[in-house]
Amino acid sequence: MTELDDILVSGEFAAFREAYAPAVHPAGTTAVRETVRRRRRRAAVVTAAAVVLAVAIPVGANAALNRRPDPRPGPAQTATPTPSETTASPTPPPPTPSTASPTPAAPDGRITKPQLLAARLDLPDWPGYAPTTCVTDNVRLRSAAETDSVPRLLADPRYGDLDGDGATETVALVACRYGEASAKQVLAFDRDEAGRIVTLGRVVVTHEGMDDITDFSVQDDGRIRAYVADIQPCCSIPEWSPQRQWRTYAWTGERFTQTAGPTKFGVDPRLTDLTLTAGDLAVGPADTKGNRTATVTVTVTNKGPVDVPLLGFSEFYSIGEPAGGDLSRCRTMRSEGPGTCVLDGLPVGKRKTYTFTFRYDPSAAPGPPTLRVTHYDPQERWWDDLKYKDNQVELRTAG
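Sequence positions are assigned chain by chain, starting from 1 and proceeding in written order. Owing to the predicted nature of the model, reporting of local features is limited to residues with pLDDT of at least 70; listing and counting of side-chain atom pairs is limited to 80 or more, with chain, interface and lining totals taken over all residues. Excluded from the side-chain calculations are hydrogens and water; all other atoms, namely the structure's heavy atoms, are used.

Chemist: Would you mind showing me how to read the nonpolar core here?
Modeler: Counting residues in each nonpolar core, the largest one holds 24 residues, and the members touching the most others are V300, L311, F313, F356 and L371. Not counting chain neighbours up to four residues away, the residues in contact with V300 comprise L274, T275, L276, L311, F313, L346, K350, R351, K352, Y354 and V373. Nonpolar cores were defined as sets of buried Ala, Val, Leu, Ile, Met, Phe, Trp, Tyr and Cys residues, with membership established by side-chain atoms within 4.5 Å. Think of it in three bands: with a 1.4 Å probe and only protein chains considered, a residue is buried below 20% of the maximum accessible area for its type, exposed above 50%, and partly exposed in between. In this analysis, two residues are considered to be in contact whenever any of their non-hydrogen atoms come within 4.5 Å of each other.

Chemist: Help me understand the state of the cysteines, please; the structure alone is not making it clear to me.
Modeler: By definition, a disulfide links the sulfur atoms of two cysteine residues through a covalent bond. Note that a disulfide, as used here, is simply two cysteine sulfur atoms within 2.5 Å. One pass over the full model with this rule turns up 1 disulfide. Through a disulfide, C134 is tied to C176; the S-S separation comes to 2.0 Å. A torsion of -90° about the S-S bond marks the disulfide between C134 and C176 as left-handed. Of the two residues, C134 is situated in the loop between α4 (113-118) and β1 (152-153) and C176 in strand β3 (residues 169-178); the sequence distance between them amounts to 42 residues. Assessed through its relative accessible area of 6%, C134 is described here as buried. Secondary structure elements are defined from DSSP: runs of H or I of at least 4 residues count as helices, runs of E of at least 2 residues count as strands, and each element is numbered from the N terminus.

Chemist: Whenever I open this one, the pattern of salt bridges confuses me. Can you help?
Modeler: When the charged atoms of two side chains with opposite charge come close together, those side chains can pair. In what follows, salt bridge is the name for a side-chain nitrogen of Lys or Arg lying within 4 Å of a carboxyl oxygen of Asp or Glu. All chains considered together, the criterion is met by 13 salt bridges. Linking R396 and D280 is a salt bridge whose minimum nitrogen-to-oxygen distance equals 3.3 Å. Of the two residues, R396 sits in the segment after β20 (392-394) while D280 sits in the loop between β10 (274-278) and β11 (282-283), which places them 116 residues apart along the sequence. Exposure remark for R396: the relative accessible area of 60% places this residue in the exposed category.

Chemist: When you look at the side chain of T357 in this model, what are you seeing that I'm missing?
Modeler: Counting through the fold element by element, T357 comes out in strand β17 (residues 351-360). T357 sits in the buried class, given a relative accessible area of 17%. Definition of a polar contact: a pair of N or O atoms within 3.5 Å, with one able to donate and the other able to accept a hydrogen when the atoms are protein atoms, and with sequence-neighbouring residues admitted only if both atoms are side-chain atoms. There is a polar contact of 3.4 Å between the side chain of T357 and the side chain of T295. If we ignore the near neighbours within four places in the chain, the residues touching T357 are T293, A294, T295, E321, P322, A323, G324, G325 and L327.

Chemist: Looking at this model, I keep getting lost on unusual backbone geometry. Mind explaining?
Modeler: What you tend to see is this: most non-glycine residues have negative phi, and most peptide bonds are trans. For the bond from G304 to P305, the omega torsion is 15°, close enough to zero to count as cis. Within the element layout of this structure, P305 appears in the loop between β12 (292-302) and β13 (308-314). Its identity as a non-glycine residue notwithstanding, E315 has a phi of 70°, on the positive side. Examined against the element boundaries, E315 turns out to sit in the loop between β13 and β14 (320-325). Among the residues examined, E315 registers a relative accessible area of 32% and is labelled partly exposed.

Chemist: Can you walk me through the pairing of strand β5 (residues 197-205) in this structure?
Modeler: Judged by how many residues are buried, β5 sits mostly within the fold: 8 of 9 residues are covered. In textbook terms, the turn of a hairpin is the stretch between consecutive antiparallel strands, and for strand β4 (residues 181-191) and β5 this stretch comprises 5 residues, one of which, G195, has a positive phi near 90°. At least two DSSP bridges between two strands are required for those strands to pair.

Chemist: Would you mind going over the packing of aromatic side chains with me for this structure?
Modeler: What characterises a pair of aromatic rings is the spacing of the ring centres plus the angle enclosed by the ring planes. When the centres of two rings from Phe, Tyr and Trp lie within 6.5 Å, Trp using its six-membered ring, the rings pair. Their planes under 30 degrees apart give stacked, over 60 give edge-to-face, and anything left gives tilted. Overall, the coordinates contain 8 aromatic pairs when judged by the stated rule. Cluster of aromatic residues (ring-pair linked, three or more members): F313, Y354 and F356. Its end group placed over the ring of Y159, R110 keeps NZ or CZ at 4.3 Å from the ring centre. Just above the ring of F216 sits the side chain of R158; from NZ or CZ to the centre is 4.3 Å. Working rule: Lys NZ or Arg CZ, within 6 Å of ring centre, within 35 degrees of ring normal, means a charge sits over the ring.

Chemist: Hey, could you run me through the environment of W240 in this one?
Modeler: Mapped onto the elements, W240 comes out in the loop between β7 (224-229) and β8 (244-251). Between the C-alpha atom of W240 and that of W382, which follows or precedes it by 142 residues, the distance is 9.4 Å. Apart from the residues within four sequence positions on either side, W240 is in contact with R270, R381, W382 and W383.

Chemist: Explain the sheet that holds β8 to me, please; I cannot follow it from the model alone.
Modeler: Hydrogen bonds between backbone atoms are what pair the strands of a sheet, whose relative direction is either parallel or antiparallel. The sheet built from 4 strands is open, its strands ordered β6-β7-β8-β9 with antiparallel pairing. Two strands bound the open sheet, and with one partner strand each, they are β6 (212-218) and β9 (256-260). Neighbouring strand axes in the sheet, compared pairwise and without regard to direction, differ in orientation by 35° on average. Bridge count between β6 and β7: 6 bridges; the pairing is antiparallel. When the bridges of β7 are listed, V218 appears paired with I224. Under this scheme, a helix contributes an axis fitted over its contacting stretch, all axes are lines through C-alpha atoms, and angles between N-to-C directions fall in the 0 to 180 degree range.

Chemist: Can you help me understand the environment of T168 in this one?
Modeler: Here T168 shows up in the loop between β2 (158-160) and β3. Given a relative accessible area of 21%, T168 falls into the partly exposed group. Here the alpha-carbon distance between T168 and D190, two residues 22 residues apart in the chain, equals 8.1 Å. In contact with T168, not counting residues within four places along its chain, are D108, G109, R110, Y159, G160, D161 and D190.

As structure tokens, this is what we get:
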């Protein structure tokens, strides 16, 4: 082997040692990022060395062949060479086998549900409103909400190449319950070069104004779609009440960021503004048995922007037992019990007046006489009002 060959091969081995001498495998998200950086550096070094070797060895071989001494004795010849001598090329030596190893494949990050539940994980911080007891270090996920503040896996993991390294990573929805509600995160997991399960990063987490995550999917291009809501159904909030949106996230090389879909929730387009006004409660004279009736006239205005299919009146039992007027036309909602009278709807910009009559016994009333109006849809579901404070009135007794 020539001196040039020794130098080239030695250089290649030096590049090989530098590329394959990782020092420390940090744990957690940092480990994954360091693995990706090191893999890219290693691929660049090995590729550069292979290119230099492929070009330099034939050139050096040709130069060495041309420097061979002339074996014939006597003075140098000045005769013009024949055409065959000028066109003939020396036969190059067989190519030297490359000593560079191929770039190792990225670790397989497909993690099954049992493997994920058995692993000890470091999780990103929970949102600020979650209790400090929602742990993040050395966490072992549970498959059910056994106790508050213990993170749990909400659904089966899903898979895709999130970072473009040719290998599969794992995505999961994780929650930490506190009381009736839960903080939630969509997280991505991978394996490091030692095969340990590590957290690649957080895709999205619940926060003020986006209080729920109920579903997610992984697309063929590695992007993640999350189904989010402005509020979380709990604590008397019905399942149909939240606004919901699909939002899309992608890996940037350092973290996940939103790339498509809405970025915030505006005013709920399903809600409207109802106002309720009322006259005085007119109490009639007592009959022979001492019973009285009381009548009140109320007006409802729909300020928009949504037509109301059904109007519901409630809390009238604080006045007395229904005894006539428009109350004789009402139907009672099963979901609300006997305390709600549902009447016809009210389009945007319209107002309607109703007269209600009650059997009146102020000594039996549970509190001040009041009335409330509520928006109902055709499925008999009630909805919040844009300005709920003007949906209720406290009645005054005439005279």
